[in-house]
Amino acid sequence: MQGKMKAIIKHHAGYGAKLETVDIPEIKENEVLVKVKATSICGTDVHIYTWDEWSQSRVKPPYVFGHEFSGVVEKVGSAVTNVKTGDHVSAETHIVCHSCPQCLKGQYHICKNTKIIGVDTNGCFAEYVAMPAENIWKNDPDMPFEHGSIQEPMGNAVHTVLAGDVTGKTVAVIGCGPIGIMAVNVAKAAGASQVIAIDLNEYRLDLAKKVGASTVINPKNEDPVEKVMQLTDGNGVDVVCEMSGHPVAINQGFKMITNGGRVSILSLPVKPVEIDLTNDVVFKGVTVQGITGRKMYETWQQVSGLLKSGSMQPETIITHTLPMEQFEEGFDLMIKGNCGKVVLIP
């Protein structure tokens, strides 16, 4: 489809981004063109926007960034059979190789050669996005586009929380950014007996409480390890979901986990983190899991099912919906932490 579209461009190797007019992407025979109806801002997008060390080493401006979206299929390539024009869709953002040892074992989420849309390729902060047809996830036409746009990050939360059993267990979520808030909601929906949310931001702790946290802890006001021990009769929690990336918080997570517990880490610390392996992992018999992406496509099925069940609260998790032209306001909210999920409407 020829023509022009508005898109948010990471225009230079520095702070910020620009709204520009660019060509609508051309699709290959195995791709689809999606008219974007809603796109949400991720922490990764904030890294790219602020041009931190990670983004400096990874992305190559100028290009369209953004990777969380929902929309309607506008056009399909000649070899596409799994979706059709008019379908309501979102997309798995990891483009995988299908030939590495991990892919050959069905572990597509840890493909050695993963490319991420909006990071390694042009993304979805635009009126249209081109995607491989195999990455397309069909949505219920009754699902609001705003809700559809947050399924990808919700998948991160689902993958982290449900990497083991949480039914009837005590769960601590450390770091209540948007995915942490979703993790609180998932743990509650999955039947955790207690969900303890830990963060320094009172706005986000309030959101965590609204979506199901039984207790919220602000480390500025009380020692989180001591408080968790009080809440668990001195045993510690069964599951820690680490979403903060902060070395102090990570160590507190290992101090509060019970013997034989599980620590699932989605966060991305910017520097190496020192932990007491002997006392906090080995002697406690703790299982430590690194979580990346979403299981393709088991996690997507879980996300769809949780949303359909009514046990998730996307209308609470999404705190701001803005026209795409006001993207700078959205990024400012994310940087300051005065929001849950921010959705942009092209």
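Each chain carries its own residue numbering, running from 1 in the direction its sequence is written. Per-residue local features of the predicted model are confined to residues with pLDDT of at least 70, and side-chain atom pairs are confined, for both listing and counting, to 80 or more; whole-chain, interface and lining totals are unaffected and use all residues. As a convention, hydrogens and water are excluded, and side-chain values are obtained from all of the structure's heavy atoms.

1. Focus on the sheet that holds strand E16 (residues 287-290)
In this scheme, strands are said to pair when DSSP sees at least two bridges between them. The secondary structure listing takes helices from DSSP runs of H or I that are at least 4 residues long and strands from runs of E that are at least 2 residues long, numbered from the N terminus. Pairing is parallel in the open sheet, where 6 strands are placed in the order E13-E12-E11-E14-E15-E16. Unpaired on one side and paired on the other, strand E13 (215-217) and E16 mark the two borders of the sheet. With strand direction ignored, the average angle separating the axes of adjacent strands in the sheet is 15 degrees. As paired elements, strand E11 (residues 170-174) and strand E14 (residues 237-242) share 4 bridges and run parallel to each other. Its bridge partner lying in E14, Ile 174 is registered against Glu 242. Under this scheme, a helix contributes an axis fitted over its contacting stretch, all axes are lines through C-alpha atoms, and angles between N-to-C directions fall in the 0 to 180 degree range.

2. A closer look at the pattern of salt bridges
In what follows, salt bridge is the name for a side-chain nitrogen of Lys or Arg lying within 4 Å of a carboxyl oxygen of Asp or Glu. As enumerated under the stated definition, the model contains 10 salt bridges in all. A salt bridge links Arg 294 to Glu 152; the nearest nitrogen and oxygen atoms lie 3.2 Å apart. Of this pair, Arg 294 sits in the loop between E16 and helix H11 (298-309) while Glu 152 sits in helix H5 (residues 151-161), placing them 142 residues apart in sequence. The buried label goes to any residue with under 20% of its type's maximum accessible area, the exposed label to any with over 50%, and the partly exposed label to all in between, with areas taken from a 1.4 Å probe on protein chains only. With relative accessibility at 1%, the residue Arg 294 sits in the buried group. Across the pair Asp 332 and Lys 336 runs a salt bridge whose closest N-O atoms are separated by 3.2 Å. Within this pair, Asp 332 and its partner Lys 336 are both found in helix H13 (residues 327-336), separated by 4 residues, close to a single helical turn. For Lys 336, a relative accessible area of 53% translates into the label exposed.

3. Details of the state of the cysteines
In plain terms, two cysteine sulfur atoms within 2.5 Å form what is called a disulfide here. Under the counting rule described, the total for this entry stands at 0 disulfides. Free cysteine Cys 97: the closest other cysteine sulfur is in Cys 111, separated by 3.6 Å. A residue is classified by how much of its surface remains accessible, and Cys 97, at 25% relative accessible area, is partly exposed. The thiol of Cys 103 is not disulfide-bonded; the next cysteine sulfur, from Cys 111, is found 3.7 Å away.

4. What to know about the sheet that holds strand E4 (residues 63-64)
The strand order E2-E1-E4 describes an open sheet built from 3 strands, whose pairing is antiparallel. Edge positions in the sheet fall to strand E2 (18-23) and E4, since each of these pairs with one other strand and no more. Pairing between strand E1 (residues 4-10) and E2: 6 bridges, direction antiparallel. When the bridges of E2 are listed, Ile 8 appears paired with Leu 19.

5. Focus: the packing of H5 against helix H6 (residues 178-189)
With their axes 8 Å apart at the nearest point, H5 and H6 run at an angle of 55 degrees to one another. By the criterion of interaxial angle, the relationship of H5 to H6 is oblique. Seen along the crossing, H5 lies across H6 with a hand that is right-handed. For the pair H5 and H6, the contacting residues are Pro 153, Met 154, Asn 156, Ala 157, Val 158 and Val 161 in the first and Ile 179, Met 182, Ala 183, Val 186 and Ala 187 in the second. Classes in brief: Ala, Val, Leu, Ile, Met, Phe, Trp, Tyr, Cys and Pro nonpolar; Asp, Glu, Lys and Arg charged; the others, Gly included, polar. Tallied by class, the residues present in the contact of H5 with H6 amount to 10 nonpolar, 1 polar and no charged. An angle counts as roughly parallel when it lies under 35 degrees, as roughly antiparallel when it exceeds 145, as roughly perpendicular when it falls between 65 and 115, and as oblique in every other case. Whether a crossing is left-handed or right-handed is set by the direction in which the near helix is turned from the far one by less than a right angle, anticlockwise for left-handed and clockwise for right-handed. The contact rule is simple, with two residues in contact once any of their heavy atoms fall within 4.5 Å.

6. What to know about the nonpolar core
Grouping buried Ala, Val, Leu, Ile, Met, Phe, Trp, Tyr and Cys residues that are joined through side-chain atoms within 4.5 Å yields what is termed a nonpolar core. Of all hydrophobic cores here, the largest spans 38 residues; its most connected members are Met 154, Val 171 and Val 184. For this core, the secondary-structure elements that each account for two or more residues are H5, E11, H6, strand E12 (194-198), helix H7 (202-210), E14 and H11. Counting residues per element, this core draws most heavily on H6, which supplies 7 residues. Apart from residues no more than four positions distant in its own chain, Val 184 is found in contact with Val 173, Val 195, Ala 197, Ala 208, Val 211, Gly 212 and Ala 213.

7. Structural notes on the environment of Gly 86
Following the sequence through the fold, Gly 86 ends up in the loop between strand E5 (68-76) and strand E6 (88-91). Sequence separation of Gly 86 and Gly 71 is 15 residues, and the distance between their C-alpha atoms is 9.3 Å.

8. Digging into the UniProt feature "domain: Enoyl reductase (ER)" (unreviewed entry) in the protein
UniProt positions are given in the numbering used here, feature names are shortened, and annotations may be inferred rather than shown by experiment. On the UniProt side, "domain: Enoyl reductase (ER)" (unreviewed entry) is annotated at positions that read residues 16-344 here. A distance of 16 Å separates the end C-alpha atoms of residues 16-344, which is 32% helix and 26% strand.

9. Re the packing of aromatic side chains
Note on aromatic pairs: the rings of Phe, Tyr and Trp (six-membered ring only in Trp) are paired at centre separations within 6.5 Å, and the planes decide the class, stacked below 30 degrees, edge-to-face beyond 60, tilted for the rest. Counted under the stated rule, the structure contains 7 aromatic pairs. Each ring, one from Trp 137 and one from Tyr 297, has its centre 6.3 Å from the other, and the planes form 10 degrees; the classification is stacked. Of the two residues, Trp 137 is situated in strand E10 (residues 136-138) and Tyr 297 in the loop between E16 and H11; the sequence distance between them amounts to 160 residues. Connected via pairs of aromatic rings, a cluster forms that spans Tyr 15, Tyr 49, Phe 65, Phe 125 and Phe 331.

10. Some thoughts on unusual backbone geometry
Here the amide bond leading from Pro 61 into Pro 62 is cis, since omega sits at 0 degrees, within 30 degrees of zero. Looking at where Pro 62 falls in the secondary structure, it is placed in the loop between helix H2 (53-58) and E4. A cis geometry characterises the amide bond from Met 296 onward to Tyr 297, with omega recorded as 10 degrees. With a phi angle near 70 degrees, His 98 is a residue other than glycine that sits in the positive phi range. When you line up the elements, His 98 lands in the loop between strand E7 (94-95) and helix H3 (101-104). One non-glycine residue, Asp 233, lies in positive phi territory at about 55 degrees. By the element assignment, Asp 233 lies in the loop between helix H8 (224-231) and E14.

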